[in-house]
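Structural overview
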Amino acid sequence: MSERNDKILSDLLAYNVKHRPNLTALLSANGQQLNWAEYQQQIESYAARLLSAGVNKGDVLCLAATPSLECYLLLWACARLGAVFAPVNLQFTNREIEAYLAPISKIRRLHLFADAHYQNIFAGILGELPRFSLAGATTERCSALPEPATSLDNAPYPTEEDGLYLIPTSGSTGSPKPVLLPHRAIVQLARNVTERRNWQTSDRFLSMSPLFHISGLGAVGSSAWMGSSLHAMTGFDPATALKRIEAESITLLAAFDILLDRLVSLPEFSLEKIKTLRAVNFAGSPKFYDIIQSWGISDIATAYALSEGTTVSLMPYDCSDPHLRQWSAGKIMPQVQVKIIDPDSKQILTDGQSGEICIKGDNLFLGYLGCDEATLAAFDDDLFFHTGDCGHLEGEYLFFEGRYKAMIKTGGENVSQLEVENFLASHFPECRQIAVIGTTDKEWGEVVCACLELRPGETLDLQTLRSRCKGQLANFKIPKKLITMTPGSWPQLASNKLDKQALRDMIEQGVQP
């Protein structure tokens, strides 16, 4: 195989085995290290075992487990078989899991996999589906995965349009929907990210994201495209992350701002311990751009990504414009089309005009599995996916302004939560973390509410906040309510994003954060 196939994930594995068999492919959280040749050997063994267990092309392998070597082997085994890997959000309740999987079970054959800790998560749901235990432990609920009884030669090879990855939408604006991503979308994500970010074979990437999150998937694909090593964590623990960055000479890191804040807040944090980092991808408040720069790192990347479209835009490593680097969501990816439309008239808007972000390209998902009506409603006649996100273009660079559902409607005006958050982040250095939401108000319908966690020793009241905003923000955008948050009180989704709906519920119910 002389070239990497840019459409099928399994071919990336074969390319690495041929060209760099002895380089490290994966270092698991418990220290298991495999080179590419060893990785392929174990993956093929797992694929044969899945085939013997009755997992066939198109079937859905649903996984509830703490990230481990076996989880990654199952993912790659699904890639070889043309099966669909479906990691479950581990914070879902049994009721939520059943609601999520029930539509899928009507059209696809499901196989449930769990480790010892999470086997109860499948208790009593979805009838008598095949259930297997990881690590070979047989229990009352789950049987062990059988040893291979048939050759992989008997399994058809996947195509670029075969579904490979099923992940839930974040649930930040409603019930999570199952997003089915094909091989071509995942491999295009991998190629675009590594080329846009100047990823090297010698790089070592620390993945702190769960496998049910798009960034967790991106870490798998990107490391495989470049043949570099993936260093996996079982979950985000800032002390463990810092130790591994230092001990394993990590060069690449990606994280949400909440996680970065927890990392730099550690008493033992020092620049010496992260001296091997050469580049950081982050999502969240632009103020973290300045924090990362203070580490001596100049290659800082922002991006716009979503479950349905993987990564749409990403900052090029060689962009020299400071405004674009800090405030945009990066440059539109190759083979991705973006248009900005007026959400009411559906007319295409010009540069600088804010509207709904719509995307088209090989990066897109196949649909919401088992939810045909929702899939049809998400696309227009020109096959552009309507994201429900607000933003604008400046040339080839995309600026994300927030979710339309996250707009605050106050006194007949629309206020972007993200716009106010960015202003506060750049003008109120005493704030450690910032979130802006809309809360119910009898007079205004909603009011702008600023939720702020202050740095130790700092104080800020509503009157001071408002006076410092006057003349800088339109009056209707200035917060009318201030909630002071305590460290550790921010509600989070399992993807480590801030759960704004839960935050709003807390405040509306009078719960003191």
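The structure we're discussing is the one just above.
Attention here is on the structure that accompanies the text. (Residues numbered from 1 in each chain as written. Predicted model: local features only at pLDDT ≥ 70, side-chain atom pairs only at ≥ 80, totals over all residues. Heavy atoms only, no water.)

Overview of the sheet that holds strand β1 (residues 24-27)
On the basis of which strands lie adjacent, the open sheet formed by seven strands has the order β2-β1-β11-β10-β12-β13-β14 and mixed pairing. Looking along the sheet, the strands with just one partner apiece sit at the ends: β2 (33-35) and β14 (299-301). On average, each strand axis in the sheet is tilted by 20 degrees relative to the strand beside it, whichever way the strands run. Sheet analysis places β1 next to β2, joined by three bridges and oriented antiparallel. Counterpart to Leu 26 in the pairing with β2 is Leu 34. In the packing of helix α7 (residues 238-247) onto the sheet, contacts are made with β1, β10 (204-207), β11 (229-232) and β12 (252-256), and the angle to β10 comes to roughly 175 degrees. (Pairing = 2+ DSSP bridges. Helix = DSSP H or I, 4+ residues; strand = E, 2+ residues; numbered from the N terminus. Axes fitted to C-alpha atoms, helices over the stretch in contact; angles between N-to-C directions. Contact = heavy atoms within 4.5 Å.)

Comments concerning the packing of helix α5 (residues 183-196) against helix α6 (residues 214-226)
For the pair α5 and α6, the least separation of the axes is 8 Å and the interaxial angle reads 70 degrees. What the angle tells us is that α5 and α6 run roughly perpendicular. The element α5 and its partner α6 pack so that their crossing is right-handed. Touching Ile 186, Val 187, Leu 189, Ala 190, Arg 191, Val 193 and Thr 194 of α5 are Leu 217, Gly 218, Gly 221, Ser 222, Trp 225 and Met 226, all from α6. (Parallel < 35°, antiparallel > 145°, perpendicular 65-115°, else oblique. Left-handed = near helix turned anticlockwise from the far one by under 90°.)

Quick look at the packing of aromatic side chains
Under the definition given, this model contains ten aromatic pairs. Geometrically, the ring pair formed by Trp 199 and Phe 205 is tilted, given 5.3 Å between the ring centres and 35 degrees between the ring planes. Measuring from centroid to centroid gives 5.7 Å for Phe 269 and Trp 295, while their planes differ by 45 degrees, and the two rings are tilted. Of this pair, Phe 269 sits in the loop between α8 (257-264) and β13 (279-283) while Trp 295 is found in the loop between α9 (287-293) and β14, placing the two residues 26 residues apart along the sequence. The exposure classification of Phe 269 matches that of Trp 295, with both residues buried. Taken together, the ring pairs connect Phe 365, Tyr 368, Phe 379 and Phe 385 into an aromatic cluster. Over the ring of Tyr 46 we find Arg 49; its NZ or CZ atom is 5.1 Å from the centre of that ring. The residue whose ring lies beneath Lys 480 is Trp 444, and the NZ or CZ to ring-centre distance is 4.5 Å. (Phe/Tyr/Trp six-rings, centres within 6.5 Å; stacked < 30°, edge-to-face > 60°. Buried < 20%, exposed > 50% of the residue type's maximum accessible area, 1.4 Å probe, protein only. Lys NZ or Arg CZ within 6 Å of the ring centre and 35° of its normal.)

A closer look at the side chain of Arg 20
When you line up the elements, Arg 20 lands in the loop between α1 (9-19) and β1. Setting aside chain neighbours within four positions, we find Arg 20 in contact with Tyr 15, Trp 36, Thr 201, Met 226 and Gly 227.

Some words on the environment of Lys 500
Turning to its location among the elements, Lys 500 is positioned in helix α14 (residues 500-508). Taking C-alpha positions, Lys 500 is 32 Å from Thr 194, a pair spaced 306 residues apart along the chain. Those residues within four positions of Lys 500 in sequence are excluded, and the remaining contacts are Gln 417, Glu 421, Ala 435, Val 436 and Ile 437.

Some remarks on α5
Taking 1.5 Å per residue, 14 residues should reach 20 Å; α5 reaches 20 Å between its end C-alpha atoms and fits that length. The element α5 is largely enclosed, with a buried count of twelve among its 14 residues. Listed as buried for α5 are His 183, Arg 184, Ala 185, Ile 186, Val 187, Gln 188, Leu 189, Ala 190, Asn 192, Val 193, Thr 194 and Arg 196. At the C-terminal side of α5, Asn 198 shows a positive phi close to 55 degrees. (Expected span 1.5 Å × (residues − 1).)

Here's the deal with the pairing of strand β18 (residues 336-341)
Most of β18 is tucked away, with five of its six residues classed as buried. The pairing of β18 with strand β19 (residues 355-361) spans six bridges and is antiparallel. Among the inter-strand pairings, Gln 337 is bridged to a residue of β19, identified as Lys 360.

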